[in-house]
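Residue strings, one per chain:
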Amino acid sequence: MRRPIEIRRAHFPGRAPIESYGNGGFRFADMSHRGSLLMLPSGIYGWGMVEGDPLTVENFQRVFDEAADIEVLLVGTGKDIRPLPAALKAQFKEHGISSDPMSTGAAVRTYNIMLAESRSVAAAFIAV
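Heads up: these notes are all about the structure in this document. (Residues numbered from 1 in each chain as written. Predicted model: local features only at pLDDT ≥ 70, side-chain atom pairs only at ≥ 80, totals over all residues. Heavy atoms only, no water.)

Our focus in this paragraph is the overall build of the protein. A count of helices and strands for the protein gives three helices and nine strands. For 128 residues, the compact-globule estimate of 2.2 N^0.38 gives 14 Å, and the protein sits close to it at 14 Å. C-alpha extents for the protein along the principal axes are approximately 55 × 30 × 30 Å. Per-residue burial over the protein gives 40% buried out of 128 residues. Once local pairs closer than 6 in sequence are excluded, the contacts in the protein between residues at least 24 apart make up 66%. When the accessible surface of the protein is summed, it comes to about 7400 Å², and 51% of that surface belongs to carbon and sulfur atoms. Between the averaged position of the 14 positive side-chain charges in the protein and that of its 14 negative side-chain charges there is a distance of 6 Å. (Helix = DSSP H or I, 4+ residues; strand = E, 2+ residues; numbered from the N terminus. Rg over C-alpha atoms; globule rule 2.2 N^0.38 Å. Buried < 20%, exposed > 50% of the residue type's maximum accessible area, 1.4 Å probe, protein only. Contact = heavy atoms within 4.5 Å. Areas by Shrake-Rupley, 256 points an atom, 1.4 Å probe, with all protein chains shown as cover. Lys, Arg positive; Asp, Glu negative; His and termini not counted. Charge placed at Lys NZ, Arg CZ, Asp CG, Glu CD.)

Take the pattern of salt bridges next. Scanning the model with the defined rule gives one salt bridge in all. The shortest N-O distance in the salt bridge between Arg119 and Glu117 comes to 3.5 Å. Given the relative accessible area of 40%, Arg119 is considered partly exposed. Since its relative accessible area comes to 46%, Glu117 is described here as partly exposed. (Salt bridge = Lys/Arg side-chain N within 4 Å of Asp/Glu carboxyl O.)

Attention now moves to the sheet that holds strand β5 (residues 36-40). Spatially, six strands are ordered β1-β6-β5-β9-β7-β8 in an open sheet, and the strand pairing comes out mixed. The open sheet has two free edges, formed respectively by β1 (11-12) and β8 (98-102), since each of these has just one partner strand. Set on the sheet, helix α3 (residues 104-116) makes contact with β5, β7 (72-76), β8 and β9 (121-125); between it and β9 the angle comes to about 160°. (Pairing = 2+ DSSP bridges. Axes fitted to C-alpha atoms, helices over the stretch in contact; angles between N-to-C directions.)

On to the side chain of Thr104, then. When you line up the elements, Thr104 lands in helix α3. In contact with Thr104, not counting residues within four places along its chain, are Phe26, Gly76, Thr77, Gly78, Phe125, Ile126 and Val128.

Our next topic: the side chain of Thr77. Locating Thr77 in the fold gives a position in the loop between β7 and α2 (86-94). According to the relative accessible area criterion, Thr77 is buried, its value standing at 1%. Other than its neighbours up to four places away in sequence, Thr77 contacts Glu51, Leu55, Arg82, Pro101, Met102, Ser103, Thr104 and Ile126.

Next comes the structure, spelled out in structure tokens:
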């Protein structure tokens, strides 16, 4: 008897550089993911954000849950840079995380460099 297809929440249990991005998704670790991503110390997670969604504290809860292992969070805000709201910046500061918003392309390139340097970096990439 065949098992039914099991749909799980997108999660890659490790750290990996982004190989490419665009067309609404990302390639990493010889896999592809359509949609946005959170790149955290515990792994890579699908993230339900789309370009233009509000950047709220609630949308970054998983980041705050892992704050002890994150020094820098790169926020890829889509095609264009968007400033982080004051309430979100304050939460990052309260958790000891330095946050840096930039376009998703710039964030991907910066993340790959910092990851290669074994820095305590995390990233939130909104798909473009």
